[in-house]
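# Topology and contacts: notes
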Amino acid sequence: MTRGIQSLLLLALTAAAPALELPPGVMPVGDRLAPALQLDDLDGNAYDLAENGGHWRFVHFWASWCGPCRREMPGIQRIIPLVEHTGIEFVLVNTAETEDEVFSFLGIVAPDLVPLMDHDGLVTELWQPRGLPATFLVDPGGHIRYQALGGRSWEQPAYLEFLRALPGPATARSAGNK
Amino acid sequence: MPVLTRTCAIVLIASAGLLPCPVTAVDRTLQGPSFEDNRLLIRVVPRTPEQIAAFYEARGFPPAALERIRQTCFVTVFIKNKGNDVLWLDLDHWSFSRDGEPLALLDDEFWQTQWDAIGLRQASRSTFGWTRLPRVRDLQHDEPVGGNVAFPGTTRALEVEAVFQTGADRKGAPVRLGLGRVPCMKSTAQP
């Protein structure tokens with residue numbers, strides 16, 4: 001019952017929010033419930049998206065062989081402290097690579113990030129990204145509200161302002177970043 | 001270094017009629033056609049069997065998979081929708097031919113059969129899938145897409161005509177691009 005009331009409150013908060021100005025390449029996504037996302041991170045810690053509601057999630061799929069992913073990742077690391085006060089949780093999902101591949105790559109370009117490991121790539125397929133990299137913004141109630149098409153520099157003011165303006169409770173929580 | 005060559009090697013044909021041939025900047029190092037106007041950018045990059053096999057070998061693909069990959073013609077296609085209207089990538093609307101004969105690209109079913117035959121692990125199937133050009137995509141303003149397209153055989157050039165429907169409902173004026181000859185790169189390995 002309590003969880004139901006919380007969900008209603010979250011829904012009301014999200015629905016009552018004024019329309020956000022979308023920066024280039026960010027598209028609204030109707031009302032799609034986020035697919036399951038239960039994975040271990042690079043350090044072996046279990047994570048379940050469904051158990052981490054109550055705040056916005058920045059769910060990002062990537063692979064080290066993908067050029068745009070390589071260019072985008074350092075910027076993602078840099079914006080995490082810039083939007084920390086909003087409570088947005090960064091959930092980074094590596095698609096179908098090994099720990100060695102991920103460790104070698106992130107150790108150089110974004111050493112503070114600890115991604116979830118989608119070893120066989122099946123969780124990524126559930127989410128149906130339009131390609132890699134792919135970013136989904138999941139609202140506090142667990143619905144995908146926006147997706148970003150391809151890679152970008154999230155440090156640009158338009159993107160930072162967009163992330164900071166996402167409505168909802170600012171329940172600080174982080175995963176995918178130390 | 002980009003050089004201006006192949007004027008009219010890529011011919012833009014709108015449904016309303018033939019438009020003036022654009023002068024297209026072609027980078028010789030790419031050895032494949034490219035085209036850009038205010039609606040779209042498309043670039044086709046042929047790959048040698050060694051290039052494409054090395055990419056997948058570095059991702060842990062087993063020898064049996066690499067052998068199958070070497071037996072096919074791979075080209076990497078990059079497209080960006082520069083217009084404000086939706087641009088539809090739908091490979092079913094593209095035409096491919098070789099020596100005047102229609103040619104089918106190697107589709108999902110083909111690769112599924114190959115990978116089942118050698119028991120390729122799921123992670124490699126996933127990686128292979130994400131490196132392929134999607135068969136259908138409604139490209140939004142400024143949205144890029146890229147990936148590999150594969151054909152049977154490894155040496156003879158292809159003729160490619162790309163057709164993009166436009167508009168959210170696909171009912172806008174289509175964009176037709178004759179990409180000319182797209183080479184299948186020969187092996188660079190020493191005999």
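## A short note on the overall build of chain A
The secondary structure content of chain A amounts to five helices and eight strands. Along the chain direction, N to C, the helices and strands of chain A fall in the order α-β-β-β-β-α-β-α-β-α-β-β-α. Each of the 178 residues in chain A was classed as buried or not, and the buried ones make up 40%. Sequence-distant contacts in chain A: of pairs separated by 6 or more residues, those separated by 24 or more amount to 83%.

## Considering the interface of chain B and chain A
Each partner contributes residues to the interface: chain B has 12 residues there, and chain A has 18 residues. Mapped onto the side of chain B that touches chain A, the elements with two or more residues apiece are α4 (122-130) and β12 (144-152) of chain B. A per-element tally of the side of chain B that touches chain A places α4(B) first, with five residues.

## Things to note about the packing of helix α1 (residues 49-58) of chain B against helix α2 (residues 63-70) of chain B
Residue and element names in this part refer to chain B. Relative orientation of the contacting elements α1 and α2 amounts to 155°, with a least axis distance of 9 Å. On the basis of their axis angle, the class for α1 and α2 is roughly antiparallel. In this structure, α1 crosses over α2, and the sense of that crossing is right-handed. Between α1 and α2, the residues in contact are P49, I52, A53, Y56 and E57 and A65, L66, I69 and R70, respectively.

## A closer look at the nonpolar core
In this structure, A:W62, A:A63, A:V91 and A:L132 are the most contacted members of the largest nonpolar core, which totals 43 residues. Of all hydrophobic cores here, the second largest spans 35 residues; its members include B:F61, B:F151, B:F164 and B:V182.

## Structural notes on the sheet that holds strand β7 (residues 72-81) of chain B
Residues and elements named next belong to chain B. On the basis of which strands lie adjacent, the open sheet formed by four strands has the order β5-β6-β7-β12 and antiparallel pairing. Each of the sheet's edge strands pairs with one partner strand only, and the pair in question is β5 (34-36) and β12. Across this sheet, the average inter-strand angle for adjacent strands is 15°, counted without regard to direction. The pairing of β7 with β12 spans nine bridges and is antiparallel. Across the sheet, T72 pairs through a bridge with P152, a residue of β12.

## Structural notes on the sheet that holds strand β8 (residues 143-149) of chain A
Residue and element names in this part refer to chain A. Taken in spatial order, the six strands line up as β1-β8-β7-β4-β5-β6 in an open sheet, and their pairing is mixed. The outermost strands of the open sheet, each flanked by one partner alone, are β1 (26-33) and β6 (116-118). Here the strands of the sheet are splayed against their neighbours by 25° on average, with no regard to which way each runs. Here five bridges tie β1 to β8, and the two strands are oriented antiparallel to one another. Residue pairing in the sheet places L33 in a bridge with H143 of β8.

## Section: the pairing of strand β8 (residues 87-90) of chain B
Residue and element names in this part refer to chain B. Inspection of the sheet shows β8 paired to strand β11 (residues 136-139) by four bridges, in the antiparallel sense. Among the inter-strand pairings, L89 is bridged to a residue of β11, identified as R137. With two bridges connecting them, β8 and strand β13 (residues 158-166) associate as antiparallel partners. The residue bridging W88 from the neighbouring strand is Q165, located in β13.

Here is what the cut-offs are and how they apply
- Residues numbered from 1 in each chain as written.
- Chains lettered and ligands numbered in written order.
- Predicted model: local features only at pLDDT ≥ 70, side-chain atom pairs only at ≥ 80, totals over all residues.
- Helix = DSSP H or I, 4+ residues; strand = E, 2+ residues; numbered from the N terminus.
- Buried ≥ 20, exposed ≤ 12 C-beta atoms within 10 Å, placed from the backbone.
- Contact = placed C-beta atoms within 7 Å.
- Axes fitted to C-alpha atoms, helices over the stretch in contact; angles between N-to-C directions.
- Parallel < 35°, antiparallel > 145°, perpendicular 65-115°, else oblique.
- Left-handed = near helix turned anticlockwise from the far one by under 90°.
- Core = buried A, V, L, I, M, F, W, Y, C linked by C-beta atoms within 7 Å.
- Pairing = 2+ DSSP bridges.

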